[in-house]
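Residue-level listing of the chains:
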Amino acid sequence: MKVPKLTILFFLSLFVLSISALAQKKTAIVSGKVVDENEHTLTGVSIIILGQSKGVVTNDSGFFKITVSANKAFALVFSYTGHKSEQRNFLLNEGEEETVSIRLEKGETELTPVVVTDQRDRREAGLIRPNPKTILNLPSAVTGVESLIKIFVGSNNELTSQYSVRGGSYDENLIYVNDFEIFRPYLVRSGQQEGLSFINPEMVRNINFYNGGFQAKYGDKMSSVLDIQYKKPKRFGGSAYISILEQGLSLEGTNKNSKFSYIVGVRNRSNRNLLSRQDTKGNYVPSSADFQGLFTYQFNPKWNAELLANISKTKFTLIPEFSQLTTSVFSPLFSATIGIDINFDGSEKDEYQTGMLGFSITNTVNKKLRLKWMASRFENDEKENVDITGAYLFGNRDFDRRNATFGLIVNPLGAGIFQNFSRNNLSITNWNIAHKGNLDAGKHAFQWGLGYDKTIIADKLNEWEFQDSAGYSLPYQPNMLQLNKVIKSNAHLDINKLSGYFQDNILLGKDSARSATLTAGVRFNYNSLNNEFIISPRIGASWKPKWKSDIVFRAAAGIYDQPPFYRELRRYDGTINTKLKSQKSWQTVAGFDYNFIGIGDRPMRWTTEVYYKNMWDVDPYDVDNVRIRYFGENMAKAYAAGVDMRLHGELVKDAESWVSIGIMKTNENLVGDHYYRYKNAAGDFITAQSTDQTPVDSVRYDVGWLRRPTDRRITFGLYASDYLATNKNFKAYINLLYGSNLPYNIPNAVKYRNAAVIDPYIRCDVGFSALLMDEDRTKRRSHSPFRNFDNIWATLEIFNIIDRANTISYLFVKDFSNTIYLMPNRLTPRLINFKIVARW
């Protein structure tokens, strides 16, 4: 049911008119000491905020203290007569105080207008460092870091936290939280079944996302790395939020001597309101909850310990009742606009439970040497129980409202019954111990690591499908009841893995701001499952020329291999291929990062990268919703090539925005992907309607290069924010995603690989926020329950405001002749969400 436009305008007006508050600026503090190259204090050093006239000077002892805006990237420029200027970049939380030590070297003062930036994300290929505060304002059906990542890489499903990067699959992405690798559930078939993402956005301090060209220090995947660092609190605080879809609470603080700190978060989510308007009507009972905590203890200035804990449980229950789908269907023998009505019986009950415990000890030996030891355990238990029967009728649907048969099937093309049954159980336990080290040796910065993983997998599959069309079971065999698909498998795997890396980050030149850098490294991986030992050399470089324009050129190349884990091993028939080798690739990426002053003298950044991936020993797969079904064989070669462009800055003053455009092509060529068409005695090709079904001749067709399931040629992402010109307490946000069409494969049908196409994905979510309570506590009564709150925000979100019916997958419907009809499974329609966020 669509929401009338007047209703939306009415609620928006009521929402805005009912809220008013005064704006208060959030601040943080930067303090420290400035010395020269001989460690002598400097008096009268000018310290200004880049792009502003505001600033301070150091006192007689060389000390300074400056108040700055919080939750926003900025830079401080330190300048002193006869010395080179120094720029430091910051992103501080509200109320945070950071202490720094600045050394100014002798030389000519050089103040080149530049944009606030951290040089690291300009010099490393593929690195994107978005502001974590953006997550909290991003209107999206799924709240989390991954929704922000989708702006850069594209998406085709708002219900999942998974994403595809530069033509890779969901399984090709690495995720780290405080250096611990994170795993996802594996039996999930659709975004409806997914629960909360592991990453709690209220706990995030830094986000480093690599969409390619990442260094040897990161693990063995082929597409991307998401490296998250959680907060380390310096004072007591917290936040709470409640919305129609999700609720959460987080607390943080330290003890009196600040040696012990903690940050914990509890979340609960239910997608019931999102799913209640799906094409399949019924009783949806999804629920997901988790607890997460990071605890740190500083023994002394050189030793500290850290404990990361998480437990999460997701349940999904569906009792379907009926479904009505309508579409234009094209087949080799029939084209028409048809509908299908399905009445269901039965239910689906799924359960996913994960637990993770990680412990690390860090020894800062001195300013140059840092050593870290880590140990972790991850456990994933999944259960999938499905027993659903459907009776369907499909044919032409009457769309004439004048008829009594409006909305009904009036010209049946087929009818049948199907039953899906599964009792699947999966248990994965992964133990890891690792060591990492860093050594700063002047112009060389060495990094190394060594890790051991022990993975135990216990898997039991019991699935079958029955299909009946026009009174005959499919596939049809006279006098025999046939099941359409049967998978029965038990597997127990005990896998040992050893991996490590060594890399050198080299500074070429004397001026760190204008010099070139070179990063060279190598990593290795041994897997006891297939006794495979692989070596992956990687190299990266950057160069900042001495131009008036602030531009950095960067490039990277290397070998990126991906050893099989679980899903890659399992063939379509359920058997396990323990001899499966790693998928391999060599990749190159090159681009530039250009900072400039845009409209209204506001800083902007334009980034462009071109890339190419050449892959071999590929394990091909099909994608159905979020479920990936692998062939379980190294039987393909593939490539991906494209260009990514991003614009980041303030399209509106003090309002962050991102614009991302991607153009890509990825194809694959499967070994032995051919099929035959048979001719009868008359020389005609045999079809289901042929009278003479006796083959006397055949013609072989070689398929060759085809689009991969992730071949989305064009992606566009936009996140923009704005506010009322007369009152910044009223803000608006937009999250717009576009992705061109995707190929869709009919499983186990070489002839019909790439036979279908999923229409372009277009999604627009908007949000409107208003400040209910600001930081000014002078007007609050002493007995007020809100006297210690920093702020309270209220937000109204409209998901899929254009109410587009995006397609995620297809339902296969067969008639007695085995002709396949494809009916689209749609994603979520327009939905309104309301949430309140409070912080203290």
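Residues numbered from 1 in each chain as written. Predicted model: local features only at pLDDT ≥ 70, side-chain atom pairs only at ≥ 80, totals over all residues. Heavy atoms only, no water.

### Description of the sheet that holds strand E11 (residues 204-210)
So, point 1. In spatial order, the strands read E8-E11-E12-E9-E10; together these five strands make up an open sheet with mixed pairing. Where the open sheet ends on each side, the last strands, each with one partner, are strand E8 (127-128) and strand E10 (180-181).
So, point 2. Where E8 and E11 come together, two bridges link them in antiparallel fashion. Paired with Ile128 across the strands is Phe209, a residue of E11. (Pairing = 2+ DSSP bridges. Helix = DSSP H or I, 4+ residues; strand = E, 2+ residues; numbered from the N terminus.)

### Things to note about the environment of Ser360
So, point 1. Mapped onto the secondary structure, Ser360 falls in strand E18 (residues 335-364).
So, point 2. Considering only alpha carbons, one finds Ser360 and Ile433, 73 residues apart in sequence, at a separation of 9.6 Å.
So, point 3. Once residues lying within four places of it in the same chain are set aside, the contact partners of Ser360 are Phe180, Asn304, Ala305, Glu306, Lys372, Trp373 and Met374. (Contact = heavy atoms within 4.5 Å.)

### Focus on helix H4 (residues 145-153)
Counting along an α-helix, one turn takes 3.6 residues, and residues three or four places apart therefore face a common direction.
So, point 1. Summarising burial for H4: nine of the nine residues are buried, a large majority.
So, point 2. Three or more residues of H4 are buried, namely Val145, Glu146, Ser147, Leu148, Ile149, Lys150, Ile151, Phe152 and Val153.
So, point 3. The positive-phi residue at the C-terminal boundary of H4 is Gly154, with phi of around 90°. (Buried < 20%, exposed > 50% of the residue type's maximum accessible area, 1.4 Å probe, protein only.)

### Quick notes on the pattern of salt bridges
So, point 1. One pass over the structure, following the stated rule, counts 36 salt bridges.
So, point 2. Arg627 serves as the salt-bridge partner of Glu463, at 3.4 Å between the closest nitrogen and oxygen. Of this pair, Glu463 sits in strand E21 (residues 444-469) while Arg627 sits in strand E30 (residues 627-630); the two residues are 164 residues apart in sequence, bridging distant segments of the chain. Each member of the pair, Glu463 as well as Arg627, is classed as buried.
So, point 3. Its salt-bridge partner being Asp593, residue Arg605 comes within 3.6 Å of it at the nearest N-O pair. Of the two residues, Arg605 sits in strand E28 (residues 603-618) while Asp593 sits in strand E27 (residues 583-597), which places them twelve residues apart along the sequence.
So, point 4. On the basis of relative accessible area, Arg605 is assigned to the buried category, the value being 12%. (Salt bridge = Lys/Arg side-chain N within 4 Å of Asp/Glu carboxyl O.)

### Quick look at the confidence of the model for the protein
So, point 1. Of the residues in the protein, 89% reach a pLDDT of 70 or more, and the chain-wide mean stands at 85.
So, point 2. Under a pLDDT of 50 for its full length, residues 109-118 has, in the predicted model, 35 contacts with residues more than four places off or in other chains. (pLDDT = per-residue confidence, 0-100.)

### Focus: the packing of aromatic side chains
So, point 1. For the structure on display, the rule yields 35 aromatic pairs.
So, point 2. When the ring of Phe524 is compared with that of Phe533, the centres are 5.9 Å apart and the planes differ by 25°; the resulting orientation is stacked.
So, point 3. Ring geometry for Tyr612 and Tyr639: centres 6.5 Å apart, planes at 20°, overall stacked. Remark: Tyr639 occurs in strand E31 (residues 636-652) and Tyr612 occurs in strand E28; sequence separation between them is 27 residues. (Phe/Tyr/Trp six-rings, centres within 6.5 Å; stacked < 30°, edge-to-face > 60°.)

### Thoughts on the sheet that holds strand E1 (residues 27-36)
So, point 1. One open sheet holds the three strands; their spatial order is E4-E1-E7, and the pairing between them is mixed. The outermost strands of the open sheet, each flanked by one partner alone, are strand E4 (63-69) and strand E7 (97-104). Along the sheet, successive strands turn relative to each other by an average axial angle of 30°, direction set aside.
So, point 2. Pairing analysis gives eight bridges linking E1 to E7, with the strands arranged parallel. When the sheet's bridge partners are listed, Asp36 is paired in E7 with Leu104. (Axes fitted to C-alpha atoms, helices over the stretch in contact; angles between N-to-C directions.)

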